[in-house]
Amino acid sequence: MKNIKVIQELHDLGITGYHEVVYNPTYEELFQAETSHFRKGYEKGAVTDSGAVAVKTGVFTGRSPKDRYIVKDDVTKDTIYWDDKVNFPTSQVVWSELKKLVLKQLSTSKKLYVVDAFCGTNKDTRLKVRFVMEVAWQAHFVTNMFIRPSIYELENFGEPDFIVMNGSKTTNPNWKEHGLNSENFVLFNLTEKIQIIGGTWYGGEMKKGMFAMMNYYLPLKGMASMHCSANVGEDGDVAIFFGLSRTGKTTLSADPKRYLIGDDEHGWDNNGVFNYEGGCYAKVIDLSEENEPDIWRAIKRDALLENVVVNEYGEVDYYDHSITENSRVSYPIYHINKIVLPSKAGHASKIIYLSADAFGVLPPVSILDEEQAQYHFLCGFTSKLAGTERGITEPQPSFSPAFGEAFLTLHPTMYSKTLVAKMKEHNAKAYLVNTGWNGTGKRISLKNTRAIIDAIIDGSIEKAETVKIPFLNLTAPKTLAKVDDILDPRTTYKDVADWEKKAKELTALYNKNFEQYTNTEEGKRLVSAGPSL
Ligand SMILES: Nc1ncnc2c1ncn2[C@@H]1O[C@H](COP(=O)(O)OP(=O)(O)O)[C@@H](O)[C@H]1O
Ligand SMILES: C=C(OP(=O)(O)O)C(=O)O
Ligand SMILES: [Mn+2]
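What comes next concerns the included structure. Note that the coordinates shown come from a computational prediction; the quantities given were computed from them, not determined experimentally.

1. Description of the state of the cysteines
Right, so step 1: Tallied over the entire structure, the rule returns 0 disulfides.
Right, so step 2: Looking at cysteine 228, it has no disulfide partner, and the nearest cysteine sulfur is the one in cysteine 280, 13 Å off.
Right, so step 3: On the accessibility criterion, cysteine 228 (0% relative accessible area) is buried.
Right, so step 4: Between cysteine 379, a free cysteine, and cysteine 228, which holds the nearest cysteine sulfur, the sulfur-to-sulfur gap is 18 Å.
Right, so step 5: Exposure remark for cysteine 379: the relative accessible area of 0% places this residue in the buried category.

Structure representation (structure tokens):
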């Protein structure tokens, strides 16, 4: 019965024609579809020795931020943060034409997958999302990543709050006339509450697309909406880890001593921290069982590997970088042993900002006071690393407000305001952790970073003797249990003058970046919390 209703609803949307509709397929159905002899090209997956299916995502192995647009209309014109880096505007006219293209693509398809799922753990703030697509592994991806409704919840799903129509097999021939970046497109219409996709097959556009929508709706209701991972200890103590791609959110939140809440997208309301997702999306480049045992074990049947090199025996070579640096696995959250379900816990007491500093000058960990916590949240200094975004091949110093600029739909201060209010209310402490490089030219080891996180979580860092790091205006502990002698970054340089030169360069970048916030009293007040020459 449900299928007939769904077909009728697709028809009402404008998806006509005769096709088989597969509604909320089971993992078994997805497995059969992905590995079927009838699949060709990028639609076909390979079974690996772990049981997980591996697919190639096609030309796009990462998100494509330059192809991402939001329709500027009465609903969005005064709310969306129309800066010149993310949230590019487009018109209703362009929207209509591209939507037609996607509807046509989906209408001519023989088989469509429709997946209804939730974005957000809590009933009062979750989005009921309907995904419509042709490619089986894309249906698998959203099944892994979003919250899977129970049979009862599915029966009572009702009208979706948002619809994602993925027409990845179609492209836009008129992109120049439309004033767009390329023939590929990712568009949002907040009035119709629809996202459409063309050209790119990469599933991350759907995942991060709905995240951007949560980043719109929740702060407007006074809640913090955060690009962070989160876990909780035996005593209910919650830690959250902000950071851009590849800084360690997923890796560091999978901690066998603690229960995982989620690895990437969370809200914080009057009851505590809650996940938006039903799964994790881990990087598998150079993955080893020794370094990341929890992620290693999560790769099994129902997990979906992307862009890894698989040999004829189904063995995966995680050290092969030839397809992309952004090789990935998605899996339902219960593939991690220690989790809380539903994915939520109380208020956060430890706020960790992860920054992969390619300059190699930030201390491995700094203890932030209240104003520094605000300053560094607005700055979101890190390096964009190769892989996750198209066009990034070398580490690039970058300031990404709220450690997630690419997904902010409102002005950055909306995110700092809502977060700071929660932090103050719950007496949370903030730390800046450099998971990037130091004077040795190598990345700080996972072993050292994990021991630093332990010291933050067990509170021992607060008892350590500290050292003031000049220029950067940061306070670092001198020693911590099980951490090598690297805590003062200057000791990792043969010549301290080299550190000084780079630290001054970075300080200048911080200062220049912060100018955009000094047109308010609040912003002016924070300047003294930042680096200074
Ligand atoms: N010191 C470190 N801390 C965190 N991650 C590290 C470190 N050194 C190397 N890595 C690697 O960097 C990557 C971090 O990526 P990930 O945890 O997926 O980041 P995110 O979830 O923030 O995008 C992993 O591949 C991890 O093995
Ligand atoms: C999936 C993504 O997230 P992350 O790299 O932070 O895991 C992304 O940025 O596309
Ligand atoms: Mn991640």
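2. Some thoughts on helix α6 (residues 204-220)
Right, so step 1: The end-to-end C-alpha separation of α6 is 24 Å, in line with the 24 Å expected for 17 residues at 1.5 Å each.
Right, so step 2: Counting buried positions along α6 gives 16 out of 17 residues, so the element sits mostly inside the fold.
Right, so step 3: Following α6 by one or two positions, glycine 222 adopts a phi angle in the positive range, close to 85 degrees.

3. Here's the deal with the site of ligand 1
Right, so step 1: Ligand 1 sits among 16 residues. The nearest are Arg246, Lys249, Thr251, Lys283 and Glu292.
Right, so step 2: At a separation of 2.7 Å, an oxygen atom of ligand 1 approaches a polar backbone atom of arginine 246.
Right, so step 3: The side chain of arginine 443 places a nitrogen or oxygen atom 3.0 Å from an oxygen atom of ligand 1.
Right, so step 4: Notes on ligand 1: free accessible area 570 Å², of which the protein chains cover 91%.
Right, so step 5: Elements supplying a minimum of two residues to the shell around ligand 1: α7 (249-253) and α11 (446-457).
Right, so step 6: Of the residues forming the shell around ligand 1, the biggest block, 3 residues, is contributed by α7.

4. Some thoughts on the site of ligand 2
Right, so step 1: Surveying the vicinity of ligand 2 reveals 12 residues, the closest of which are Arg63, Lys208, Ser245, Lys283 and Arg328.
Right, so step 2: Within the side chain of lysine 208, a nitrogen or oxygen atom sits 2.6 Å from an oxygen atom of ligand 2.
Right, so step 3: One nitrogen or oxygen atom from the side chain of lysine 249 is found 2.9 Å from an oxygen atom belonging to ligand 2.
Right, so step 4: Coverage of ligand 2 by the protein chains reaches 99% of its 290 Å² of free accessible surface.
Right, so step 5: Here ligand 2 is seated within the largest pocket.
Right, so step 6: Contributing elements (two or more residues each) for the shell around ligand 2: α6 and β17 (279-283).
Right, so step 7: Tallied by class, residues from the shell around ligand 2 come to 2 nonpolar, 3 polar and 7 charged.

5. Looking at the sheet that holds strand β12 (residues 228-232)
For sheets, the rule is that strands pair by backbone hydrogen bonds, running either parallel or antiparallel.
Right, so step 1: Read from one edge to the other, the open sheet built from 6 strands follows the order β14-β12-β13-β22-β26-β23, with strand pairing classed as mixed. Only two strands of the sheet have a single partner each, and these edge strands are β14 (259-262) and β23 (365-368). In this sheet, neighbouring strand axes are inclined to one another by 25 degrees on average, regardless of whether the strands run parallel or antiparallel.
Right, so step 2: Pairing between strand β22 (residues 348-355) and strand β26 (residues 429-434): 6 bridges, direction parallel. Counted as the bridge partner of isoleucine 351 is alanine 430 from β26.
Right, so step 3: Together, β13 (238-242), β22, β23 and β26 form the strand contacts of helix α9 (residues 370-379), whose direction differs from that of β23 by roughly 120 degrees.

Cut-offs used in this document
- Residues numbered from 1 in each chain as written.
- Chains lettered and ligands numbered in written order.
- Predicted model: local features only at pLDDT ≥ 70, side-chain atom pairs only at ≥ 80, totals over all residues.
- Heavy atoms only, no water.
- Disulfide = S-S within 2.5 Å.
- Buried < 20%, exposed > 50% of the residue type's maximum accessible area, 1.4 Å probe, protein only.
- Helix = DSSP H or I, 4+ residues; strand = E, 2+ residues; numbered from the N terminus.
- Expected span 1.5 Å × (residues − 1).
- Near = heavy atom within 4 Å.
- Polar contact = N/O pair within 3.5 Å; in protein donor to acceptor, adjacent residues only side chain to side chain.
- Areas by Shrake-Rupley, 256 points an atom, 1.4 Å probe, with all protein chains shown as cover.
- 1 Å grid on protein atoms, 1.4 Å probe; cavity = no way out; pocket = protein on both sides within 12 Å on 5 of 7 lines; lining within 4 Å.
- Sits in = over half its atoms within 2 Å of the grid points.
- Nonpolar A, V, L, I, M, F, W, Y, C, P; charged D, E, K, R; others polar.
- Pairing = 2+ DSSP bridges.
- Axes fitted to C-alpha atoms, helices over the stretch in contact; angles between N-to-C directions.
- Contact = heavy atoms within 4.5 Å.

Keep in mind these numbers describe shape, not what the thing actually does.
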